[in-house]
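# Overview (structure and organization)
Each chain, letter by letter, is given below.
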Amino acid sequence: MQLKEIPITGIPYDQLYIEKIPATPEYCRRPAELLPAGNRSVVVNPNRTCMPLGAMWAVLGVHGAIPFVQGAQGCTTYVRYTFCRVFKEPATIATASFHEDAAVFGGRRNLIEGIRNLVVRYWPELIGVVTTCSSEIIGDDMVSFLKMARANLRKEIGPEKADRIPIVLVNTPSFAGSHVDGYDRASRAFVETLATVRDKPSGKVNIIPGLLYPGDIREIKHLLRHMDIEGIVLFDISDPLDAPLQPPVSLPYKPPGGTPVEAIRDMANSLATFALQPHAGQAGARYLERKFGVRAVVGPPPIGIQGTDAFLKTLRELTGKPIPESLLQERGRLVDSLADTFHHTMMKKVAIMGDPDVVLGVTRFVLEMGMEPVALAGGTASKTFDHDVEAILAEAGYGGDPPLVVNGGDLLEFEEHLKQLPRLDLVIGNSRAVDIAKELQVPLVRVGFPIYDRFGYQKRAVVGYRGGEVLLAEIVNSILGYQYPDDRTHQL
């Protein structure tokens, strides 16, 4: 049964589907001057979310850490809800709970009382204070407020216990930037606050993964293990946001894993810092390079053959460790898969959207498959995105028509461009591209953040050679599922 409208009495579970009635009987082409986001005062299908979300993501990747949001309850509720949808895990996030009085008189009292309550109830290993648009607009003096909060704690629980809990401030005005920028700012704030001394060179490498899922981080650790290299993964969400269910648990509950605070302090002693996603982590890597001479290796994302090759070759150059036969075999299996499927992927038209680093990494990989990118939309505005796209196309010797490149903004221009194409075979991106793919009647391969309409994607890897095999298989199977009738698949 299909419903034309939602009845006042509600909808029973067997009637949840609501028929979509188009506003016009047929597609109407939009005016070209309104397509670029900069020409409009309205956002249509955003390709990003707010800066505080990225900072909270980062804080949750530190062992025993709890984000404290200097803002209203909604700023926290939205992020907890999003993480629950994507990771299927609870996320402990505290809030200063702004109301009208805080907007008028400032958030000092809320922060001091909130930090105190958080400490005495949860005893976190670290507190990451994340600002929001409201606290930034009213001009909260966060440095002074945190000094007062620390003094209040020292008075109540004693200096030894109070000083044992580091507090890292991340300024993330959510009226600017995106979740990618929030993560990037957090990477610098953490190393600037905690990694203050270079005294004992450790021979380790730092990894700032960016907005990668738990499965991706586990794959990065797998590569390091096979290279016999000890690494420090900053913001390691692989266990905190993919924790086993093993009741009973002690309260207050602290999820397993995460980057230990002492490991972050030791990042100043490492050989190098790899920012796997340049737009989400470069700030921390560059800071360590300027302050302590720890070499910054910024990108490319280790997606596909070339991206993973570059990562492993740099590790070999820095550490002197050879690339083992086990990883060469993984590479060979990915090359074999490319050879086995090129007749399905060659010259297929593909559109890619999402965070800029994911779009760039996936673009390089689809070019390795012989596919033709027709549109690339990076949700976070970037000074280098256009140039990076040109460099990747030139590196691959791409001779097709240049793709539409949308640098920042929403998905309206991206969608309208795809509707004008004579042919499109595939869309690659996150769950915000679902309606676009359905309307164009092409398959959607889900990659990047957020993916909330499928289960288990947060556990899978798309980085590394093994992740490349997973992504390749999904791309090929999506094409086969749309373009080949069932009775002919036995001929493939």
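### So, the overall build of the protein
Summing up its helical and strand segments, the protein has 18 helices and 13 strands in all. Rg of the C-alpha trace for the protein: 24 Å, near the compact-globule value of 23 Å for 492 residues, within the 12% margin. Counting every position in the protein, which comprises 492 residues, the buried fraction comes to 53%. Taken as a whole, the protein presents about 22600 Å² of accessible surface, with 53% of it coming from carbon and sulfur. Once the 52 positive and 57 negative side-chain charges of the protein are each reduced to a mean point, those two points are 5 Å apart.

### Structural notes on the packing of helix H9 (residues 214-227) against helix H12 (residues 304-319)
Two numbers describe how H9 lies on H12: the axes approach to 11 Å, and their chain directions differ by 40 degrees. It follows from the interaxial angle that H9 and H12 lie oblique. The handedness of the crossing between H9 and H12 is right-handed. For the pair formed by H9 and H12, the contact residues are Ile220, Leu223, Leu224 and Met227 on the first element and Thr308, Phe311, Leu312, Leu315 and Arg316 on the second. Partitioned by chemical class, the residues of the contact of H9 with H12 number 7 nonpolar, 1 polar and 1 charged.

### Examining the side chain of serine 431
Within the fold, serine 431 resides in the loop between strand S12 (426-429) and helix H17 (434-440). For serine 431, a relative accessible area of 4% gives the class buried. Setting aside residues no more than four positions away along its own chain, serine 431 makes contact with Arg446, Pro450, Ile451, Tyr452 and Asp453.

### Here's the deal with the packing of helix H8 (residues 179-194) against helix H11 (residues 282-292)
Running from amino to carboxyl end, H8 crosses H11 at an angle of 35 degrees, the nearest separation of the two axes being 6 Å. Taken together, the residues of H11 that come into contact with H8 (itself represented by Asp184, Ser187, Arg188, Val191 and Glu192) are Gln282, Ala283, Gly284, Tyr287, Leu288 and Arg290. Grouping the amino acids of the contact of H8 with H11 by side-chain chemistry returns 4 nonpolar, 3 polar and 4 charged.

### Thoughts on H11
Among the residues of H11, those classed as buried are Gly284, Ala285, Tyr287, Leu288 and Phe292. Burial along H11 is one-sided: seen end-on, the buried residues are contained in an arc of 160 degrees. In the core, the buried residues of H11 are packed alongside H8, strand S5 (205-208), strand S7 (272-275) and strand S8 (295-298). Following H11 by one or two positions, glycine 293 adopts a phi angle in the positive range, close to 75 degrees.

Rules of the game
Position numbers for residues count from 1 along each chain, tracking the sequence in the order it is written. Since the coordinates come from a predicted model, pLDDT governs what is reported: local features require at least 70, and pairs of side-chain atoms require 80 or more to be given and counted, while whole-chain, interface and lining totals use all residues. Excluded from the side-chain calculations are hydrogens and water; all other atoms, namely the structure's heavy atoms, are used. Only DSSP runs of H or I reaching four residues or more are called helices, and only runs of E reaching two or more are called strands; each is numbered from the N terminus. Both definitions apply: the radius of gyration is a C-alpha atom measure, and the globule rule equals 2.2 Å times residues to the power 0.38. Working definition: with a 1.4 Å probe on protein chains only, accessible area under 20% of the residue-type maximum means buried, over 50% means exposed, and in between means partly exposed. Residue-level accessible areas treat just the shown protein chains as cover; the underlying method is Shrake-Rupley with a 1.4 Å probe. Under the convention used here, Asp and Glu are negative, Lys and Arg are positive, and both His and the chain ends fall outside the count. Charged groups are reduced to one reference atom each: NZ for lysine, CZ for arginine, CG for aspartic acid, CD for glutamic acid. Between N-to-C directions, angles span 0 to 180 degrees; the directions come from axes that are lines fitted to C-alpha atoms, helices contributing only their stretch in contact. Note on terminology: angles under 35 degrees are roughly parallel, angles over 145 are roughly antiparallel, angles of 65 to 115 are roughly perpendicular, and the others are oblique. Two helices crossing with the near one rotated counterclockwise from the far one by less than a right angle form a left-handed crossing, whereas a clockwise rotation gives a right-handed crossing. The contact rule is simple, with two residues in contact once any of their heavy atoms fall within 4.5 Å. Just so you know the grouping, Ala, Val, Leu, Ile, Met, Phe, Trp, Tyr, Cys and Pro go in nonpolar, Asp, Glu, Lys and Arg go in charged, and all remaining residues, Gly too, go in polar. The arc under discussion is defined with respect to the helix axis, by the directions toward the C-beta atoms.

Honestly, that's just the spatial picture; any functional story needs more than this.
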